[in-house]
Every structure is written in structure tokens, then in C-alpha cells.
Amino acid sequence: MSARPLAVFGGTFDPVHIGHLTVAWEAAELLDAEVRLMPASVPPHRPAPLASSSERVAMLRAALAGQSRLVLDARELEREGPSYTIDTLRELRAEQGARPLVLLLGADAFAGLPGWHRWRELFDFAHIGVLSRPGVDALRPAELIEEVVARRVDDVAALHARPCGKLIELAVTPLEISATRIRDLLAAGRDPRYLLPAGLFDDPGLLAPYRR
Ligand code: ATP
């Protein structure tokens, strides 16, 4: 079996920035995959995003205009209550049959994986692609290193050949850009023009949630 994988890149996207888009784009190329950006609803015990769900979706739509390799999938925002990645992957598996699925995670998010709901079972539904990310402290706990050793492949063909269960590290262009930094710049009245996709500046309302 060999099929073009479907890759999922989740996040708060508060706001979506050039770091997200560049690494998602490069992952699409490296994996020869369709990549879906999937904004997350944030559970009540976590700090709320500054922008609402619909504002984050509007920014993603503006950011993704004019290309078709990266696609928006807002299903987690449409679900009631907090959404677990495992449930999203189960749903995608039911929709996609035996097509390879890849969960894309930045190196910092990957280091936190053992804190996720039923994290080991994620590999029953998808492969994981870890995107290099500079400037973040991403020490991997021992239990995660064990999984990496057991599951790691270096060749994309190994991901295309099965629906789930492997892990690949993707050396994408290191860009030290974070949404936190962009929110800080906007709150300070600065204009982070080239850290954000140009489409976010076309409608002045899109960045309003961050300008105080
Ligand atoms: P914040 O600063 O608000 O925490 P963020 O910039 O880390 O936001 P998120 O929406 O939380 O963005 O991240 C979504 C996913 O994108 C995570 O897996 C994260 O690791 C990854 N990511 C974000 N920015 C980069 C980047 N510059 N390089 C690689 N991966 C990134």
C-alpha cells in the first residue's frame, strides 16, 4: 500500500504566523502530504486565546487564501466541550480508511506529549511528524524517548507504506517566531508586518483582538 498521507497540524493559532505556515508548507513537501491546519478549542483550565474561535478562523482563512496545499479544518471548534486529539484522529481514521495519517507537532509540543490524554494510543491512529523549532526548551522525558527509539524512521516511504505507528523528525527551516512574541509586539503598538501572513493586514479588524 502507498497513499498520499493526510497530515494534521493543530494549534491555537492566536494568531497564525509565518512560522506555522512555513513549517506546515515544508512538511507538506517533505511528506508529499495534504496538510490541514486545525484550530483547537482551548479547555477552560488553560488561558483563553485573546482572539475568539471565529476570529482565529477568519485569520486562518485570510492566511491560507491563494493556495491549496494547506487547508483549514475547523472541526474541533464545532465540537462541544474540550477536544482531545485522540478523538479527532479516530474520526479522521473512520473517514479516511487506511490512508496514512500524520500528526504534525512542533518540537516543543512533542516534548509535552506524555501530558496528553491517552497519548500512547495516538500511534494507533496516526504517525507523528516532529517539526524542528528553535528557541524553545524541549527536553524529552524518558518515556517519550523510548517511543522515539521504537518508532522512528528516517525515510518518508515508511510512512507512506502503512496507516499509522511511526515517527519521523522533519528538519524544517528553523524560524524563531511565536504567537506570544507577536501578541506582545501588537500590544505594544508595533507592526509585526513580515512575521505574519500579508493577508492579515488587508482587513484591519483581523488583528484588532491583539491591539490594546
Ligand atoms: P504561543 O506562543 O501562543 O504558545 P505558538 O507560536 O507556539 O503559540 P501554537 O498555535 O501554540 O503557536 O502552535 C501550534 C503548533 O505549531 C505547535 O505544534 C507548535 O510547536 C508549532 N509551532 C509554532 N511555531 C512554530 C515554529 N516557529 N517552528 C516550528 N513549529 C512551530
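In the block above lies the structure referred to throughout.
Residues numbered from 1 in each chain as written. Predicted model: local features only at pLDDT ≥ 70, side-chain atom pairs only at ≥ 80, totals over all residues. Heavy atoms only, no water.

We now examine the packing of aromatic side chains. To describe a pair of aromatic rings, you give the distance between the ring centres and the angle between the ring planes. All told, the structure shown has 1 aromatic pair when counted by the stated rule. Ring centres of Phe9 and Phe13 lie 6.1 Å apart, and the angle between their planes is 75°; on these two criteria the pair is classed as edge-to-face. Take Phe9 and Phe13: they sit in the same class, and that class is buried. Arg69 extends its terminal NZ or CZ atom over the ring of Trp25, reaching a point 4.9 Å from the ring centre. Positioned over the ring face of Phe201 is Arg193, at 4.3 Å from the centre of the ring. (Phe/Tyr/Trp six-rings, centres within 6.5 Å; stacked < 30°, edge-to-face > 60°. Buried < 20%, exposed > 50% of the residue type's maximum accessible area, 1.4 Å probe, protein only. Lys NZ or Arg CZ within 6 Å of the ring centre and 35° of its normal.)

This part is about helix 9 (residues 179-187). Along helix 9, the residues that are buried comprise Ala179, Ile182, Leu185 and Leu186. Along the axis of helix 9, the buried residues cluster in a sector spanning 120°; they form a single face. Once helix 9 ends, the next one or two residues include Gly189, with phi positive near 80°. (Helix = DSSP H or I, 4+ residues; strand = E, 2+ residues; numbered from the N terminus. Arc of directions from axis to C-beta.)

Estimated volume of the largest pocket: approximately 1500 Å³. Forming the walls of the largest pocket are 50 residues, and the residues nearest its centre are Gly10, Gly11, Thr12, Arg46 and Ala109. Among the elements of the structure, strand 1 (6-11), helix 1 (18-31), helix 4 (85-96), strand 4 (101-106), helix 5 (107-111) and helix 9 are those that each provide at least two residues to the lining of the largest pocket. Residue classes in the lining of the largest pocket are distributed as 26 nonpolar, 18 polar and 6 charged. (1 Å grid on protein atoms, 1.4 Å probe; cavity = no way out; pocket = protein on both sides within 12 Å on 5 of 7 lines; lining within 4 Å. Points joined across faces, edges and corners; volume = space filled by probe spheres on them. Nonpolar A, V, L, I, M, F, W, Y, C, P; charged D, E, K, R; others polar.)

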